[in-house]
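This is what each chain is made of:
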Amino acid sequence: IRINKIDRAILDREMKEIETIYGKVPIKIGSYKGKVKSIKPEYEALKRIANKKNLPLKKVYETVMKKICQYSG
């Protein structure tokens, strides 16, 4: 029998908004010990934009991710 203990770290989360060609989009920023580990757009907001603009969700996601890369870089 093998028993492994697994530790779990939970990222600190912060919500912000960034300005995009679609308007303001909320993003989630996850950080650990003061360092940003992930930045992702809020899915439901992307879905609303895609439906409203009659665009594929993937296109909206990719456009917003490019803006996030500019924001974080």
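This is a predicted model, so every value here is computed, not measured.

**Student:** In this structure, what is going on with the overall build of the chain? I would like to understand it.
**Tutor:** Looking only at helices and strands, one finds two helices and three strands in the chain. Taken from the N to the C terminus, the helices and strands of the chain come in the order β-β-β-α-α. Against the 2.2 N^0.38 benchmark of 11 Å for 73 residues, the chain shows a C-alpha radius of gyration of 16 Å, more extended than a compact globule. Its C-alpha atoms give the chain principal-axis dimensions of about 55 × 30 × 15 Å. Out of the 73 residues belonging to the chain, those deemed buried represent 26%. Considering only contacts within the chain whose residues lie at least 6 apart along the sequence, 34% involve residues at least 24 apart.

**Student:** Where do I start with unusual backbone geometry in this structure?
**Tutor:** For residues other than glycine, phi is negative in most cases, and the peptide bonds are mostly trans. Of note, Lys-33 is a non-glycine position whose phi angle comes to about 55 degrees, a positive value. Locating Lys-33 in the fold gives a position in the loop between β2 (23-32) and β3 (35-41). Residue Asn-54 is not a glycine yet carries a positive backbone phi of 55 degrees. Here Asn-54 lies in the loop between α1 (43-53) and α2 (57-72).

**Student:** Would you explain the pairing of β3 in this entry?
**Tutor:** Each regular strand carries side chains that alternate between the two faces of the sheet. The sheet contact formed by β2 and β3 spans six bridges and is antiparallel. Bridge pairing in β3 links Gly-30 to Ser-38. Here β2 hands over to β3 after two residues, with Lys-33 in that stretch at a positive phi of 55 degrees.

**Student:** Help me out: how do you make sense of the environment of Val-25 in this one?
**Tutor:** Looking at the secondary structure, you find Val-25 in strand β2. Exposure remark for Val-25: the relative accessible area of 0% places this residue in the buried category.

Rules of the game
Residues numbered from 1 in each chain as written. Predicted model: local features only at pLDDT ≥ 70, side-chain atom pairs only at ≥ 80, totals over all residues. Heavy atoms only, no water. Helix = DSSP H or I, 4+ residues; strand = E, 2+ residues; numbered from the N terminus. Rg over C-alpha atoms; globule rule 2.2 N^0.38 Å. Buried < 20%, exposed > 50% of the residue type's maximum accessible area, 1.4 Å probe, protein only. Contact = heavy atoms within 4.5 Å. Pairing = 2+ DSSP bridges.

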